[in-house]
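Listed here are the chains, written in short residue letters.
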Amino acid sequence: MRTSRSAASPGTRRAPLRQRHWRRLPALLTGAAATLALLAGGTSAAHAADTPLRDLGSAKGKLIGTAVTGSKLTGTYGSVAGTQFSSLTPGNAMKWETVEPTQGTYNWTEADQIVAFAQAHNQQVRGHTLVWHSQNPSWLTNGSWTSAQLSTLLQNHISTEVGRYKGKLAAWDVVNEPFNEDGTYRSTLWYNGLGSDYIANALTWAHAADPAAKLYINDYNVEGVNAKSTALYNLVKSLKERGIPIDGVGLQAHLILGQVPATLQQNIQRFADLGVDVAITELDIRMQLPADSTKLAQQAADYKSVVAACVAVARCVNLTVWGFTDSDSWIPGVFPGYGAATPYDENYAPKPAYYGIAEALGGSGSTPPPTGACTATYGVTSQWNTGFTGQVTIACSGASLSSWKANWTFGAGQQVTQAWNATCTQSGTAVQCVNASYNGSVPDGGSVTFGFNGTWSGSNPVPAVTLA
């Protein structure tokens, strides 16, 4: 995180240190998770809607996307990313400091991994981002460049990166966050060194490198009609009139609970009327912690409202969440005391927000598990070549347990080798873990957690967990 910039107060919508610093935040879970709710009359699994979000979106003519970390595209994280979404945005993997940390030395490993995953799962990739004032390599920001040198460096960067993925990426966030809140141009390396035409030049160079890719300008606090979004509108109008290749605008939509702009749909429509596409590129809706049922219900309504505004405008073509799980969210690291901003919780269970999205896309608005349940959540906290560490959390809400047994069947030859806070036995593929003498009781509102080490080979798919 850059010390030269300060995070906004939690009550503002400004988000200067977004999840672009994602990889610097701890990941709570990196593998698999499954939740099962036990009700008085039987069992009911807590799961996502039967129709994946990507399919619901397709029926409405919308791509439903998420930002991702390439190293996590395995286990349940990979399963959810591949099943639920039709578009992926690299959280950090395509930023300048990542791909060219030393001048002339490139690192495409994670970016290539995400592109390959997307190709394997019939997904589009949204490139992010080519020209930004942050997360640039130190050799670039600490250099003393003439305008001509700076222009050459920028052109070479754009040509190299866009050219590498020519024909593989559907769209690029070419220029990111060019404006201040009052609609004036942000003072940056690019604006100060090259003037406002750095934007037109960047778009022109990107188009030359891949004429088929859709090119966007992306910014935050431009979701509603205001001074900043009007400046963006006027810029896009001017670029269109000059014949500069500009295909769309990205509205980041880092929002606060209960503060969806009333003019969101109107704003989307006015950009569409300019003849460009609109994408919601980095949607999350943060709340003051701890989360509770009232806040989660409001969040679901807010997500539904944003998605509905996009659905209502034909040229709103993509709606991307900035990470789908709270375990990946940038929010707690930048806005202390705030979080729970994404559609899935830290254990990959869909929250009411998920169903708010689904409902706006024409799917089910139900939100299992219902009240009066004990849940068992299976997660992988770390994974390496031949082994992994797993964890199961048993929690009760409106119910309680005096003892418990967690049962699951491994589907890919995994083996439990060691356990703590439970006695675990495995027979063939069947695993049963029984409470220890000190943690069998789980009161209403309480939880217990046990862990284990295991081995795997080839794949580590999520098992279906049951409680007894």
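In case you missed it, the structure is sitting above this.
In short, a report on the structure. Keep in mind that what you see is a predicted model, and the values were worked out from it rather than measured. (Residues numbered from 1 in each chain as written. Predicted model: local features only at pLDDT ≥ 70, side-chain atom pairs only at ≥ 80, totals over all residues. Heavy atoms only, no water.)

Turning our attention to the pairing of strand E13 (residues 373-383). The element E13 is extensively covered by neighbouring structure, given that eight of its 11 residues are classed as buried. Bridging between E13 and strand E14 (residues 387-397) involves 10 bridges; their strand directions are antiparallel. Along E14, the bridge assignment pairs threonine 375 with alanine 395. Linking E13 to E14, which pair antiparallel, is a turn of three residues. (Buried < 20%, exposed > 50% of the residue type's maximum accessible area, 1.4 Å probe, protein only. Helix = DSSP H or I, 4+ residues; strand = E, 2+ residues; numbered from the N terminus. Pairing = 2+ DSSP bridges.)

Okay, the packing of helix H9 (residues 227-242) against helix H10 (residues 264-272) next. Orientation of H9 relative to H10, taken along the N-to-C sense of each, is 15°, at an axis distance of 10 Å. Classified by the angle their axes make, H9 and H10 are roughly parallel. Relative to H10, H9 is oriented so that their crossing is right-handed. Contacts from Ser229, Thr230, Leu232 and Tyr233 of H9 reach H10 at Asn267, Arg270 and Phe271. In the contact of H9 with H10, the residues fall into three nonpolar, three polar and one charged. (Axes fitted to C-alpha atoms, helices over the stretch in contact; angles between N-to-C directions. Parallel < 35°, antiparallel > 145°, perpendicular 65-115°, else oblique. Left-handed = near helix turned anticlockwise from the far one by under 90°. Contact = heavy atoms within 4.5 Å. Nonpolar A, V, L, I, M, F, W, Y, C, P; charged D, E, K, R; others polar.)

Our next topic: the packing of aromatic side chains. Inspection of the entire model under this criterion finds 23 aromatic pairs. Seen in terms of ring centroids, phenylalanine 324 and tyrosine 344 are 5.6 Å apart; in terms of plane orientation they differ by 80°. Their pairing is edge-to-face. Placement of the pair is phenylalanine 324 in the loop between strand E11 (316-321) and helix H12 (331-334) and tyrosine 344 in the loop between strand E12 (338-339) and helix H13 (352-360), with a sequence separation of 20 residues. Neither phenylalanine 324 nor tyrosine 344 differs from the other in exposure class; each is buried. (Phe/Tyr/Trp six-rings, centres within 6.5 Å; stacked < 30°, edge-to-face > 60°.)

Right, let's get into H9. Spanning 16 residues, H9 covers 23 Å between terminal C-alpha atoms, matching the ideal 22 Å at 1.5 Å per step. Those residues of H9 that sit buried are Lys228, Ser229, Ala231, Leu232, Tyr233, Leu235, Val236 and Leu239. Those residues of H9 that are buried are in contact with helix H8 (198-209), strand E7 (214-219), strand E8 (248-251) and H10. Structurally, the start of H9 carries an N-cap: the backbone nitrogen of lysine 228 is 3.1 Å from a side-chain oxygen of asparagine 226. With its phi angle positive at about 80°, glycine 243 sits one or two positions after the end of H9. (Expected span 1.5 Å × (residues − 1). Polar contact = N/O pair within 3.5 Å; in protein donor to acceptor, adjacent residues only side chain to side chain.)

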